[in-house]
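Summary of structural features
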Amino acid sequence: MKASSITTLGLLASSENATAKTASGSGKSRPTYYTSSERQAARKNIQKYDWAKTVRDDVVAAADTILSYFTLDDLWRYVGSQNIPRSAWLARQTASHPPESSEWEAKFPVDGIEPATEPGKQWKITNGKYTLPTNDFEAYRQSGLDDKGTFDPELADESHLVNEEHPEKGKKWGVDDGLGWVDTNGDIGTAGQRWVPVAWTHHWMVVYGYRSLVGTLSEAYLYTRKQKYARAASVILDRVADVYPEFSLQNTVYFDDGGYTAQNGFPNPGHGERDAGNRSGRSGNRTGSRSS
């Protein structure tokens, strides 16, 4: 269990009734994730204990950071969709979980809300020398949105697929339309290796990023009852609800030797052997103290 889970559980401790019941024969009528008694326990602990005040203050500071960077429209747009591939690997068997096992990391991080990044810049990563992708993928993505705000590559403007970061290397060097880029000359790794920065950032910075955003905002609301935090979190959840039914790791594009594609019969080992990969797209409380 993560430290954030433990601290939140501590805030909710000494609740008299941990299970909320709904009205018989009806839908949800009261809080069920954090029950009313748990919320009351949290408020009492904040009033009584310095450690609880510190937890609250840290969460609220992070939530305020989010609101200083993101408008509600930014939060809605931060969520991706199924037509943008996802990958745990930046290149085949190279650079998995960032930044612990990778020299690559978000180019525009925001302290306190990692792995989320500045809005509109979630696709950019750097190793200190190079930036990938070298094109403006967010502009390309926005040019290809359908009437539901979902990315459709057939609608996208390919004029955005040009190397803007390192033009001295050629117009197409490092350019990723979502399907990756082949490092023909071995400039950043093995010659002929395919790199998928857009899919990698979609997995780590976008999916895990909006989970962090929702978790922080919902905790801030839990501790303060301020509507600005609840409203911001609800915007993300609303957008996730739009795209989540289509999320499937088994059907997204990945490497030809396995991973997230079912085309060659290789399941994604990180998300089970069935088509359970959309679980990675689930938003939830950052603390992870409960499963729903």
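Reading the values: rules and limits
Residues numbered from 1 in each chain as written. Predicted model: local features only at pLDDT ≥ 70, side-chain atom pairs only at ≥ 80, totals over all residues. Heavy atoms only, no water. Helix = DSSP H or I, 4+ residues; strand = E, 2+ residues; numbered from the N terminus. Buried < 20%, exposed > 50% of the residue type's maximum accessible area, 1.4 Å probe, protein only. Contact = heavy atoms within 4.5 Å. Areas by Shrake-Rupley, 256 points an atom, 1.4 Å probe, with all protein chains shown as cover. Salt bridge = Lys/Arg side-chain N within 4 Å of Asp/Glu carboxyl O. Phe/Tyr/Trp six-rings, centres within 6.5 Å; stacked < 30°, edge-to-face > 60°. Expected span 1.5 Å × (residues − 1). Arc of directions from axis to C-beta. Pairing = 2+ DSSP bridges. Core = buried A, V, L, I, M, F, W, Y, C linked by side-chain atoms within 4.5 Å. pLDDT = per-residue confidence, 0-100. Polar contact = N/O pair within 3.5 Å; in protein donor to acceptor, adjacent residues only side chain to side chain.

1. Description of the overall build of the protein
Looking only at helices and strands, the protein features seven helices and five strands. Ordered by position from the N terminus, the helices and strands of the protein form the series α-α-α-α-β-β-β-α-β-β-α-α. Relative to its 292 residues, the protein shows a buried fraction of 46%. Counted over contacts in the protein with a minimum sequence separation of 6, partners at least 24 positions apart contribute 64%. For the protein, the accessible area works out to roughly 14,500 Å², and carbon and sulfur atoms hold 48% of it.

2. A short note on the pattern of salt bridges
Enumeration according to the criterion identifies eight salt bridges in this entry. Between Asp 57 and Arg 56 there is a salt bridge; the shortest N-O distance is 3.0 Å. The exposure class of Arg 56 is partly exposed, given its relative accessible area of 24%. Linking Glu 165 and Lys 107 is a salt bridge whose minimum nitrogen-to-oxygen distance equals 3.6 Å.

3. Some details on the environment of Arg 39
Structurally, the position occupied by Arg 39 is in helix α2 (residues 36–48). Between the alpha carbons of Arg 39 and Tyr 223 there is a distance of 7.7 Å; along the sequence they are 184 residues apart.

4. A few points about the packing of aromatic side chains
Enumeration over the complete set of coordinates arrives at eleven aromatic pairs. When the ring of Tyr 49 is compared with that of Trp 51, the centres are 6.0 Å apart and the planes differ by 25°; the resulting orientation is stacked. Take Tyr 49: its relative accessible area is 33%, and that puts it in the partly exposed class. What links up through ring pairs into an aromatic cluster is the set Trp 123, Phe 137, Tyr 140 and Phe 151.

5. Points about helix α7 (residues 227–243)
The α-helix advances 3.6 residues per turn, and as a result positions three or four apart in sequence lie on the same side. For α7, built from 17 residues, the straight-helix expectation of 24 Å at 1.5 Å per residue is met to within 8% by its first-to-last C-alpha distance of 25 Å. Tyr 229, Ala 232, Ala 233, Val 235, Ile 236, Arg 239, Val 240 and Val 243 are the residues of α7 that are buried. Down the axis of α7, the buried side of the element spans an arc of 145°, and every buried residue falls inside it. When the buried face of α7 is taken as reference, the exposed residues oriented beyond 90 degrees from it are Gln 227, Arg 231 and Ala 241. Buried-residue contacts for α7 involve α3 (50–69), α4 (72–78) and α6 (197–224).

6. Brief notes about the environment of Ile 46
Along the chain, the position of Ile 46 falls in helix α2. C-alpha separation for the pair Ile 46 and Asp 57, spaced eleven residues apart in sequence, amounts to 9.8 Å.

7. Digging into the sheet that holds strand β3 (residues 131–132)
Here we have three strands laid out as an open sheet, ordered β1-β2-β3, and antiparallel in their pairing. Every other strand in the sheet has two partners, leaving β1 (105–106) and β3 as the edge strands with one partner each. In this structure, strand β2 (residues 125–126) lies alongside β3, joined through two bridges in antiparallel fashion. Paired with Thr 126 across the strands is Thr 131, a residue of β3.

8. Focus: the nonpolar core
Ranked by size, the top nonpolar core spans 56 residues in total, and within it Trp 104, Tyr 210, Leu 213 and Ile 236 carry the most contacts. Contributions of two or more residues to this core are made by α3, α4, α5 (137–143), α6 and α7. Considering each element in turn, this core owes the most residues, 13 residues, to α6. With residues up to four places along the chain from it excluded, the contact list for Ile 236 reads Leu 75, Val 79, Tyr 210, Leu 213, Val 214 and Leu 217.

9. Regarding unusual backbone geometry
The step from Glu 114 to Pro 115 runs through a cis peptide bond, and the omega angle for that step is 5°. Relative to the assigned elements, Pro 115 resides in the loop between β1 and β2. Put simply, Leu 132 and Pro 133 share a cis peptide bond, and its omega is -15°. Mapped onto the elements of the fold, Pro 133 is located in the loop between β3 and α5.

10. What to know about the confidence of the model for the protein
Residues of the protein with pLDDT of at least 70 account for 73%, and the chain-wide mean is 81. In the model, residues 14–23 has pLDDT below 50 throughout and makes 24 contacts with residues more than four positions away in sequence or in other chains. Here residues 254–292 is a poorly scored stretch, pLDDT under 50, and it has 115 contacts once near neighbours within four places are set aside; other chains count.

11. What about the side chain of Glu 138?
Here Glu 138 shows up in helix α5. A distance of 3.2 Å separates a polar atom in the side chain of Glu 138 from a polar atom in the side chain of Arg 141. Of note is the side chain of Glu 138, whose polar atom sits 2.8 Å from the side chain of Gln 142. Aside from chain neighbours lying at most four places away, what touches Glu 138 is Gly 120, Gln 122 and Trp 123.

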